[in-house]
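# Structure assessment
Chain by chain, the residues:
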Amino acid sequence: MSYQVLARKWRPRNFAELVGQEHVTQALSNALNNDRVHQAYLFAGTRGVGKTTIARILVKCLNCETGVTATPCGVCQTCREVDEGRYMDLIEVDAASRAKVDETRELMENVQYAPVRGRYKVYLIDEVHMFSGHSFNALLKTLEEPPPHVKFLLATTEPKKLPVTVLSRCLQFQLRRLPANQMTAHLCHILDTENVSAEAAAVDLIAEAADGSMRDALSLMDQAIAYGGGALEEIQIRAMLGIVGKKQIHALIERIVAADGVGMLAAVEELAAEVPDFSQVLSSMSAELQRIAILQQIPEAYPEEGQREALLALAVGTAAEDVQLYYQIALAGQRDLLLMGEPRRGFEMVLLRMLAFRPEEGVVMASLPAKSAISAPKLTTVAGGQETVPPKPTQPALKNSPEVSSGESDWQELLEKLELRGITRELALNSVLLRREGMVFHFCVDRTHAQLLNDRSQQALEVALSAHFKQAMKVHFESGNAANASPAGHSRQVAESRQASAEQAIRTDPKVQALCEAFDAEVAEQSIRAPESPES
């Protein structure tokens, strides 16, 4: 007996065997059980998600010899013939090869004839969006008012190309891409049944590469079994798919963050030895950068502990704005690779672009609003010949710190000299230094930002303090209400004070008052923007 590929062997024979698409199967089952079957259905979705499979199951449901049911028997002659692709009352049409209007008219002329054996004659038109405009016109009348013994099942990957006149005559179902974890579970079940040994990581790679298509996943698994000689191993699957490991991706990102161009090119050389798909490498980089961004902004929303630790170091050591920049360059680079004759050169150019457009650290820090506010606590607003200077909010000073010079007695000033970045900087900005006891700094982090505190960010702050004081320093945190007294709170107060001064200056300006009186006008205070510094 010849070998049957997995995609055909494991094709679902009923709704219970179908993986995913519960929103479709439930609606169809209820319609069948309540005798509310529509005359035309449209199944839309990407390739390999079950459009024609659901259509064929529906044919069995309508014509099963046990009666119209949502659970066809699967053993009667009708069910077997549908499964084998030789049921006479199922007319399958490939719209891509029968797009001419004459062929469509000929097809519609046979609609009036009764089914040969079943209750219903079913027309399954695949890739229906390939019909010409005249073919759609020939189909419309019959589609709207077909004979009672006829049902139309349409399938398409591009529903937007269908005329609205066709869409309005059908019940539409949008089939979804299958999530990777759902495909992984089904693939493992198939492998167990087929008695094929497989590493869990290898199955995960296949599920991710299938991109939501179960048919693609089964085809890839067939290829992987042949490639691995009857077994699935992660290293072999990576070689087959041209996928590099996450450790290599992390190492590449680390070199870019460190502005290590030589190390970056050496890492590319190592990747090239594995003959990867460089477009896939960029896609993997984008995915890792997205995970880093999640860790930086919403740490508690990233529960995958196995990957969390590996990414946390990058999240702490990389500025959030740099992560966003790298992500955008990687996305644009995937489009650019299509234009390059040599993918590796295009890939290297994308990485060099990340280095070239990476702002220098001093420039980035100087442009941060929080830093600007901290380093310029005073504001002089000139309006009507008078100067207004907002008061500087008081900050707690370092206690028990004889080793600290007077210029560093304010936590804000010390914070500026530490040159922290990423999560660690945000943690420090939203914390108040309570006191110093010997080599231990005691902080209170505002409870609204307590999620920033973790082992990595705390360690990074200790390293920065130790480097500054040239001796080992430790930090201790407690959570509390530190919103107003923290450097970030100080920045907000300065900004609010600056804005209030600007609004007052505009309201009291003689020229503005004269204009308001002359034209019965009012000042739109929401349009007033305070300068970021006295010079601006």
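Quick caveat, the model's predicted, so the values are computed rather than measured.

## Here's the deal with helix α10 (residues 214-227)
Relative to the 20 Å expected for 14 residues at 1.5 Å per residue, α10 spans 20 Å between its end C-alpha atoms, a close match to the ideal helical length. Of all the residues in α10, the buried ones are M214, A217, L218, L220, M221, D222, A224 and I225. Looking at the packing, one finds that the buried side of α10 touches α1 (6-9), α8 (180-194), α9 (200-210), β7 (231-232) and α11 (234-241).

## Examining the sheet that holds strand β1 (residues 40-44)
Two modes of strand pairing occur in sheets, parallel and antiparallel, and in both the strands are linked by backbone hydrogen bonds. What the 5 strands build is an open sheet, ordered β2-β3-β4-β1-β5; its pairing is parallel. Each edge of the open sheet carries a strand with a single partner, namely β2 (90-94) and β5 (171-174). Each strand of the sheet is rotated relative to its neighbour by a mean of 15°, with strand direction disregarded.

## Side note on the packing of aromatic side chains
For any two aromatic rings, the description comes down to two numbers: the centre-to-centre distance and the angle of the planes. All told, the structure shown has 10 aromatic pairs when counted by the stated rule. When the centroid spacing of 5.4 Å and the interplanar angle of 20° are considered together, the rings of Y123 and F152 count as stacked. Taken together, the residues span a long stretch of sequence, with Y123 in strand β3 (residues 121-126) and F152 in strand β4 (residues 150-156) at a distance of 29 residues. Pair check on accessibility: Y123 and F152 agree, each one buried. By the ring-pair criterion, three or more aromatic residues cluster together here, those being W411, F441, F443, F469 and F477. Just above the ring of F469 sits the side chain of R436; from NZ or CZ to the centre is 5.2 Å.

## A look at the nonpolar core
Counting 54 residues, the largest nonpolar core has L252, M285, F347, L351, M354, F441 and L465 as its most contacted members. For this core, the element with the highest residue contribution is helix α14 (residues 278-297), accounting for 8 residues. Discounting chain neighbours no more than four positions away, the residues touching L252 are M264, A267, V268, L271, M285, F347 and L351.

Parameters and conventions
Residues numbered from 1 in each chain as written. Predicted model: local features only at pLDDT ≥ 70, side-chain atom pairs only at ≥ 80, totals over all residues. Heavy atoms only, no water. Helix = DSSP H or I, 4+ residues; strand = E, 2+ residues; numbered from the N terminus. Expected span 1.5 Å × (residues − 1). Buried < 20%, exposed > 50% of the residue type's maximum accessible area, 1.4 Å probe, protein only. Contact = heavy atoms within 4.5 Å. Pairing = 2+ DSSP bridges. Axes fitted to C-alpha atoms, helices over the stretch in contact; angles between N-to-C directions. Phe/Tyr/Trp six-rings, centres within 6.5 Å; stacked < 30°, edge-to-face > 60°. Lys NZ or Arg CZ within 6 Å of the ring centre and 35° of its normal. Core = buried A, V, L, I, M, F, W, Y, C linked by side-chain atoms within 4.5 Å.

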